[in-house]
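Chain by chain, the residues:
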Amino acid sequence: MEADRATMSVGLRRDMELLDALAAADRPAGLGVAGLADRLGRSRSQVSRALRALQAEGLVERDEETLVYRLGWRLYAFAARTAEARLTSHATPYLRRLVSALRETVHLCVLRGDQVLTVSSVSPPHAFRGLGWEGLTVPALTTSAGRVLIADWPGEALAALVHTRPRIRAGAKLSIRTEEDLYRELARVRRHGYAMVDEEFEEGVVGVSAPVYDFRRQLAAAINVSAPKGRLGHRLREAGELTRAAAGELSEALGRPASPKRADGARG
């Protein structure tokens, strides 16, 4: 039994050495069997067998034309899930404080392609426990969260998004019909630090969202508040300011460096 454990430990350590070598490679295209064997001081046949086993598990992938190996899709999937779990864990207290301030349900959203995915929701005690949004996706253009999350997209991607013309719900009043509409909206989002929608996703529903940044200053998520217009419509700007503040605090907790103050005293 101890001998089996020792053998497994050695095998795992060697596999990890291969993954580390691929991760540290100075060639983005990957490395071949010979290059990896030379770097690690191992035989080519041993490295080849190990790579085939890792490839079968999705931990590395092989380019069939160049025969080089790269880190595989499964490692990136693990990393994405780990980052998402960390994000959700860090976000929960900030979402709860925003719920206490607004007495409305608050969501944490991320982008998946051109769709917004809700990964976490926190509701006030009085909220009706109906259909939850967690795990569901909606078109980015129709929601305040989506507009926040695409704010740093390049122009060609934004143009393509507008031309997809997402299906909207009956009674909704989507304000973005052209590229110019989208550019004006994103300029407002950057100016105010949050996005607002008024019956653009669904008739009778309003919402606000603000961006969450990580330690790289990259968009990581959006905090969203949406509710019936009769409850939230008259204080939508107040909700936007509170949501922006919560998102800023969460960004700092995730390690985003504080924005430098401009000469006029405003923050960037």
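A few points on the structure. Remember, predicted model here, so these are calculated numbers, not experimental data.

A few words on unusual backbone geometry. Look at Glu-199: it is not a glycine, yet its phi comes out positive at around 60 degrees. Assignment of secondary structure puts Glu-199 in the loop between β6 (195–198) and β7 (205–213). Located in the positive-phi region is Arg-217, a residue other than glycine, with phi close to 65 degrees. Relative to the helices and strands, Arg-217 is located in the loop between β7 and β8 (219–228). Classification of Arg-217 by relative accessible area gives partly exposed; the value is 36%.

What follows covers helix α6 (residues 155–164). By the burial criterion, the buried members of α6 are Leu-158, Ala-159, Leu-161 and Val-162. Burial along α6 is one-sided: seen end-on, the buried residues are contained in an arc of 160 degrees. What points out from α6, more than 90 degrees from its buried face, is the exposed set Glu-156 and His-163. Contacts made by the buried residues of α6 are with α7 (179–192). Arg-165 sits one or two residues past α6 and shows a positive phi near 45 degrees.

Reading across from one edge, β5-β4-β3-β8-β7-β6 is the order of the 6 strands in this open sheet, with antiparallel pairing throughout. Only two strands of the sheet have a single neighbouring strand rather than two, namely β5 (137–139) and β6. Across this sheet, the average inter-strand angle for adjacent strands is 30 degrees, counted without regard to direction. The pairing of β7 with β8 spans 9 bridges and is antiparallel. Bridge pairing in β8 links Val-205 to Pro-228. Its contacts with the sheet put helix α9 (residues 236–253) on β6, β7 and β8, and the angle it makes with β7 is roughly 25 degrees.

To continue, consider the nonpolar core. Counting 29 residues, the largest nonpolar core has Leu-108 and Ile-223 as its most contacted members. Broken down by secondary-structure element, the contributors of at least two residues to this core are α4 (73–102), β3 (106–112), β4 (115–122), β7, β8 and α9. Among the elements that make up this core, the one with the highest residue count is α4 (7 residues).

What follows is about the packing of helix α2 (residues 33–40) against helix α3 (residues 44–56). Between α2 and α3, the least distance of the axes is 9 Å, while the angle of their chain directions is 115 degrees. By the criterion of interaxial angle, the relationship of α2 to α3 is roughly perpendicular. With respect to the hand of their crossing, α2 and α3 are arranged in right-handed fashion. Between α2 and α3, the residues in contact are Val-33, Ala-34, Leu-36 and Ala-37 and Arg-44, Val-47, Ser-48 and Leu-51, respectively. Taken together, the residues of the contact of α2 with α3 sort by class into 6 nonpolar, 1 polar and 1 charged.

Moving on, we come to the environment of Leu-54. With respect to the helices and strands, Leu-54 occurs in helix α3. Leu-54 sits in the buried class, given a relative accessible area of 5%. Distance from Leu-54 to Leu-19, taken between C-alpha atoms, is 9.2 Å for residues 35 residues apart in sequence. Every residue in contact with Leu-54, bar those within four places of it in the chain, is listed here: Asp-15, Leu-18, Leu-19, Leu-59 and Val-60.

Tracing the chain through its elements places Ser-209 in strand β7. Among the polar contacts made by the side chain of Ser-209, one reaches the side chain of Ser-144 at a distance of 2.7 Å. Looking at Ser-209, its side chain comes within polar contact range of the main-chain nitrogen of Ala-145, at 3.0 Å.

Quick look at the pattern of salt bridges now. A full pass over the atoms with the stated rule returns 14 salt bridges. The closest approach of N and O atoms between Arg-97 and Glu-249, which form a salt bridge, is 3.4 Å. Note that Arg-97 is positioned in helix α4 and Glu-249 in helix α9, a separation of 152 residues in sequence. Given a relative accessible area of 48%, Arg-97 falls into the partly exposed group. Salt-bridge contacts for Arg-188 lead to Glu-185; the nearest nitrogen and oxygen are separated by 3.0 Å. Of the two residues, Arg-188 and Glu-185 both sit in helix α7, 3 residues apart, roughly one turn of that helix. Each of the salt bridges in this network shares a partner with another, and the network as a whole consists of Arg-147, Glu-185, Arg-188 and Glu-200.

Reading the values: the criteria
- Residues numbered from 1 in each chain as written.
- Predicted model: local features only at pLDDT ≥ 70, side-chain atom pairs only at ≥ 80, totals over all residues.
- Heavy atoms only, no water.
- Helix = DSSP H or I, 4+ residues; strand = E, 2+ residues; numbered from the N terminus.
- Buried < 20%, exposed > 50% of the residue type's maximum accessible area, 1.4 Å probe, protein only.
- Arc of directions from axis to C-beta.
- Contact = heavy atoms within 4.5 Å.
- Pairing = 2+ DSSP bridges.
- Axes fitted to C-alpha atoms, helices over the stretch in contact; angles between N-to-C directions.
- Core = buried A, V, L, I, M, F, W, Y, C linked by side-chain atoms within 4.5 Å.
- Parallel < 35°, antiparallel > 145°, perpendicular 65-115°, else oblique.
- Left-handed = near helix turned anticlockwise from the far one by under 90°.
- Nonpolar A, V, L, I, M, F, W, Y, C, P; charged D, E, K, R; others polar.
- Polar contact = N/O pair within 3.5 Å; in protein donor to acceptor, adjacent residues only side chain to side chain.
- Salt bridge = Lys/Arg side-chain N within 4 Å of Asp/Glu carboxyl O.

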